[in-house]
Amino acid sequence: MRPQDLLVLRSEGLYCPPGDFFIDPFRPCARAVVTHGHSDHARAGHGDVLATEATVAIMRARLGENAAARFQPAGYGEKIRIGEADVTLHPAGHILGSAQVLLEWRGLRIVFSGDYKREADPTCAAFETVRCHVFVTEATFGLPVFRRPPPGDEIEKLRASLRRSPQRWHIVGAYALGKAQRLIAELRASGDDRPIFLHGAALKLCALYERFGIRFGALELATAQAAKSSAPGLAICPPSALQDRWSQKFGDAVRGMASGWMQVKGRARQRNVELPLILSDHCDWTDLQTTILDTGAEEIWITHGQEDALKRWCELQGVAARPLNLVGYEGEEEGQEQALAGAADA
């Protein structure tokens, strides 16, 4: 029995022959298991979709009620038989509702991790290590240079800037799904309870998070009137909005961005970011290594990111590894965020 008998790469994405379904397929298919609600993993047009309840809600909110013909919500740890394969969703720690997919068939265990992180996050269930024979991992930040500071340090950097420049608005770019909510929750956990102003794209998704018990405190829509009548404070928007007309209402604002890529100084300069905040919803190099070893996997498949570096490290540990060279899981980059910004410009 080979791992390829349980999970194989097709043009639509990764396919499970014993269950006759795809995981996070790139194109519409009859049956899909979806790991989380980001648009590079959750697409419209499938027949049956199995996902966590939160991911189902996110897909409906972002893609419409008819994003799939039928949704089947599943709880973490709930084993579901599909065809001849058993499927269990486990927390991935990436965003609200994100899941790893454990496939079991004839004693073989493969875990497809989707996107994941091991840092504590107040807005989603903590990552859970799942022992397996094959672990399918991302490698978004799969280079030794990516070793991130504690999130609390970056939150204090933002709070210090707010104290230092109380006469200037601070507008921080953060992806509307996941990053914006985490930034708010981390601020609240640090003791900051001032009102936070949000671009419409993020405000809608915060309301969805609150349906699942995540509390954010005082949030307000960042309108031009609010920017004029309120004392300068913090406004959060999609990254693309930092450079468009939406940001002009805040005058001479401190521009920040919350992203793991802010560790790369050239990216911060390119975006004209005065306040880079290194806050990521993916594993850094150290956590990728820790996770691979913790799973006890005999073989590692790498879906996207810095595949070569992680493959080489695995081989040095005596663990077989191979890149899948998948194109399509690059994350919610500017094109997708621009679409959100245009649809919900405040």
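Residues numbered from 1 in each chain as written. Predicted model: local features only at pLDDT ≥ 70, side-chain atom pairs only at ≥ 80, totals over all residues. Heavy atoms only, no water.

Undergrad: Help me understand the overall build of the chain in this model?
TA: A tally of regular secondary structure across the chain gives nine helices and 19 strands. Here the chain has a C-alpha radius of gyration of 20 Å; the compact-globule value for 346 residues is 20 Å, and the two agree. When the backbone C-alpha atoms are referred to their principal axes, the chain occupies close to 65 × 45 × 30 Å. Among the 346 residues that make up the chain, the fraction classed as buried is 58%. The contacts of the chain with a sequence gap of at least 6 include a subset with a gap of at least 24, amounting to 61%. Summed over all atoms, the accessible surface of the chain reaches about 13700 Å², with 49% contributed by carbon and sulfur. The centroid of the 40 positive side-chain charges in the chain is displaced by 3 Å from the centroid of its 43 negative side-chain charges. (Helix = DSSP H or I, 4+ residues; strand = E, 2+ residues; numbered from the N terminus. Rg over C-alpha atoms; globule rule 2.2 N^0.38 Å. Buried < 20%, exposed > 50% of the residue type's maximum accessible area, 1.4 Å probe, protein only. Contact = heavy atoms within 4.5 Å. Areas by Shrake-Rupley, 256 points an atom, 1.4 Å probe, with all protein chains shown as cover. Lys, Arg positive; Asp, Glu negative; His and termini not counted. Charge placed at Lys NZ, Arg CZ, Asp CG, Glu CD.)

Undergrad: So what exactly am I meant to see when it comes to the pattern of salt bridges here?
TA: One side chain can pair with another of opposite charge once the charged atoms of both are near each other. According to the stated counting rule, one finds 22 salt bridges in the structure shown. The partner of Glu186 in a salt bridge is Arg182, and the shortest N-O contact between them spans 3.3 Å. Note that Glu186 and Arg182 are positioned in helix α3 (residues 179-189) at a spacing of four residues, about one turn of the helix. Just as Glu186 is buried, Arg182 falls in that class too. Residues joined in a network through salt bridges with shared partners are Lys117, Glu119, Asp121, Arg182, Glu186 and Asp281. (Salt bridge = Lys/Arg side-chain N within 4 Å of Asp/Glu carboxyl O.)

Undergrad: Can you walk me through unusual backbone geometry in this structure?
TA: If a residue is not glycine, its phi is most likely negative; likewise, a peptide bond is most likely trans. Positive phi outside glycine occurs at Asp24, with the angle close to 45°. Relative to the assigned elements, Asp24 resides in the loop between β3 (21-23) and β4 (31-33). If you check the backbone angles, Arg106 has positive phi at about 55° while not being a glycine. Summarising the element assignment, Arg106 is placed in the loop between β9 (99-105) and β10 (108-112).

Undergrad: Got a minute to help me understand the side chain of Arg182 in this structure?
TA: Exposure remark for Arg182: the relative accessible area of 0% places this residue in the buried category. Here the side chain of Arg182 touches Ser280 through a polar contact of 2.7 Å, landing on its backbone oxygen. Setting aside chain neighbours within four positions, we find Arg182 in contact with Lys117, Glu119, Ala120, Asp121, Thr123, Pro151, Leu279, Ser280 and Asp281. (Polar contact = N/O pair within 3.5 Å; in protein donor to acceptor, adjacent residues only side chain to side chain.)

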